[in-house]
Amino acid sequence: MMYATRMHILVLLLVCAVTVEIAAVCQPSPKDLESQFSKSCANLAALPPPLKCEDVWESFVEGFADRNPSDTASDYFNPYFTTLPIEVGASESLFWSRVEELVPMVSMMNENATIYSSKNIPASAIIDQLNTTANFCWCGYPDEPCTCENCIPVISFWEEFSTRFALASTGTIFWLSMSSAETYRNSSFFAMNEIPNLNASTVDGVVPLVVHGSNPGESCGEGSLVTLQNGLRDRGIEDFVCYDIYGDPLDPRQLVDCAVGIITAIQKGNVPTPSPCFGTAGGSGSRILIIVVPTAAATVTIAVVVIVVLVIITILYRRRRANSDGLL
């Protein structure tokens, strides 16, 4: 009986903990959402005149105000993107997956290349900063009740942004992703919203930049990255050059400098200068440069093999010398 009581208490505590965690992650829109939006807009966006943050706010809130939060379609945000359209030059688009901490440094903290991502395009940067500073869902603003299940309005917004960003992108497209067991995922925004909306008549090719961290994962020419290349080819996008980027995960500046160096060279119409920080593999019609950069684990393995081989050679030499001297 005592054991059952303890189990009931434990279950109750777990339920309460989960409930508190869900509440912390997603809250209904706060009363001061407009002032938070205006602050984010003023801090981040260089709005084209005569557009003002008040105008942008009115078009944004139209996407979810007084709407059922579980039925917020992505096209509800059309007025917002009409008010603040996405504009990006040829070969300036950077898409990304699971490398959020690197993206601002690649797209915003360099002087050698013009690179646009969701972190510095005004229409997305405002919302990105808004979600960074407060954990809530935009729904039922300001008085409608909202459970924020799956935070549908937020998901719908980013689906619409991803679609429009892809449609606006031309020239060479860059995709920065962390290497993993499945680097390119069919469930990602890149797969579901961005690739399907790339225009093969205006997109010259796609350049994946695969970041290798401390955990082993796929390299260019392997697994899901081959799936990505084949899918692009089916859409009529043939040019595909994939770069494996290596560096110290504890020093992201190395990874950023490598990625920016590759992007800058390609934007200028050049082949990136060979460097120990990357290796590449490409498909049909692509320039291919293979640079083998062993990881730390591979270096240790090679060292052990070399030592073993040297020991064996030494033993054989001594036996042969002993035989020649008549000692064996």
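Please read these numbers as outputs of a predicted model, since none were measured by experiment. (Residues numbered from 1 in each chain as written. Predicted model: local features only at pLDDT ≥ 70, side-chain atom pairs only at ≥ 80, totals over all residues. Heavy atoms only, no water.)

Visitor: Explain the nonpolar core to me, please; I cannot follow it from the model alone.
Guide: Within soluble globular proteins, side chains that are nonpolar generally end up buried alongside one another. Ranked by size, the top nonpolar core spans 49 residues in total, and within it F37, F60, Y80, I127, W138 and F157 carry the most contacts. For this core, the leading source of residues is helix α7 (residues 152-168), giving 6 residues. Sequence-distant contacts of I127, that is, excluding residues within four places in its chain, are made with F37, F60, Y80, W138, F157 and W158. Ranked by size, the runner-up nonpolar core spans 26 residues in total, among them L94, A113, L209 and I245. (Core = buried A, V, L, I, M, F, W, Y, C linked by side-chain atoms within 4.5 Å. Buried < 20%, exposed > 50% of the residue type's maximum accessible area, 1.4 Å probe, protein only. Helix = DSSP H or I, 4+ residues; strand = E, 2+ residues; numbered from the N terminus. Contact = heavy atoms within 4.5 Å.)

Visitor: Help me understand the packing of helix α2 (residues 33-44) against helix α3 (residues 53-61), please; the structure alone is not making it clear to me.
Guide: Think of two packed helices as two axes; the pair is described by the angle between the axes and how far apart they sit. Viewed as axis vectors pointing N to C, α2 and α3 meet at an angle of 130°, and their least axial separation amounts to 10 Å. As summarised for this structure, α2 and α3 are arranged oblique, according to the angle between their axes. Of the two elements, α2 crosses α3, and the hand of that crossing is right-handed. Touching L33, E34, F37, S38, C41 and A42 of α2 are C53, V56, W57 and F60, all from α3. Here the contact of α2 with α3 is built from residues that sort into 8 nonpolar, 1 polar and 1 charged. (Axes fitted to C-alpha atoms, helices over the stretch in contact; angles between N-to-C directions. Parallel < 35°, antiparallel > 145°, perpendicular 65-115°, else oblique. Left-handed = near helix turned anticlockwise from the far one by under 90°. Nonpolar A, V, L, I, M, F, W, Y, C, P; charged D, E, K, R; others polar.)

Visitor: Would you explain a negative patch on the surface in this entry?
Guide: A cluster of acidic side chains, namely E34, E54, D55, E58 and E62, defines a negative patch on the protein surface. No other element matches the 3 residues that α3 contributes to the negative patch. Within the secondary structure, E54 sits in helix α3. On the basis of relative accessibility, which here comes to 52%, the residue E54 falls in the exposed class. (Patch = residues over 30% accessible without salt bridge, like charges linked within 9 Å, V, L, I, M, F, W, Y side chains within 5 Å. Areas by Shrake-Rupley, 256 points an atom, 1.4 Å probe, with all protein chains shown as cover. Salt bridge = Lys/Arg side-chain N within 4 Å of Asp/Glu carboxyl O. Lys, Arg positive; Asp, Glu negative; His and termini not counted. Charge placed at Lys NZ, Arg CZ, Asp CG, Glu CD.)

Visitor: How do you make sense of the pairing of strand β3 (residues 203-212) when you look at a structure like this?
Guide: The element β3 is extensively covered by neighbouring structure, given that 9 of its 10 residues are classed as buried. Sheet analysis places strand β2 (residues 171-178) next to β3, joined by 8 bridges and oriented parallel. Residue G171 lies in a different strand from β3, and its bridge partner there is V203. Relative to strand β4 (residues 239-246), β3 runs parallel, the two sharing 6 bridges. Bridging across to β4, V210 finds its partner in D244. For the handedness criterion, the β-α-β arrangement of β3, helix α9 (residues 223-234) and β4 is classed as right-handed. (Pairing = 2+ DSSP bridges. Right-handed = clockwise from strand over helix to strand, strands pointing away.)

Visitor: When you look at the state of the cysteines in this model, what are you seeing that I'm missing?
Guide: Two cysteines, two sulfur atoms, one covalent bond between them: this is a disulfide. Following the criterion strictly, the structure yields 3 disulfides and no others. Covalent S-S linkage joins C41 and C53, the inter-sulfur distance amounting to 2.1 Å. On the sign convention where negative is left-handed, the bridge of C41 and C53, at about -85° about the S-S bond, is left-handed. Highlighted residues: C41 in helix α2 and C53 in helix α3, separated in sequence by 12 residues. By relative accessible area, which is 15% here, C53 ends up buried. At a sulfur-sulfur separation of 2.1 Å, the disulfide partner of C220 is C242. Looking down the S-S bond of the C220 and C242 bridge, the torsion is -70°, so its handedness is left-handed. Here C242 lies in strand β4 and C220 lies in the loop between β3 and α9, a separation of 22 residues in the sequence. (Disulfide = S-S within 2.5 Å.)

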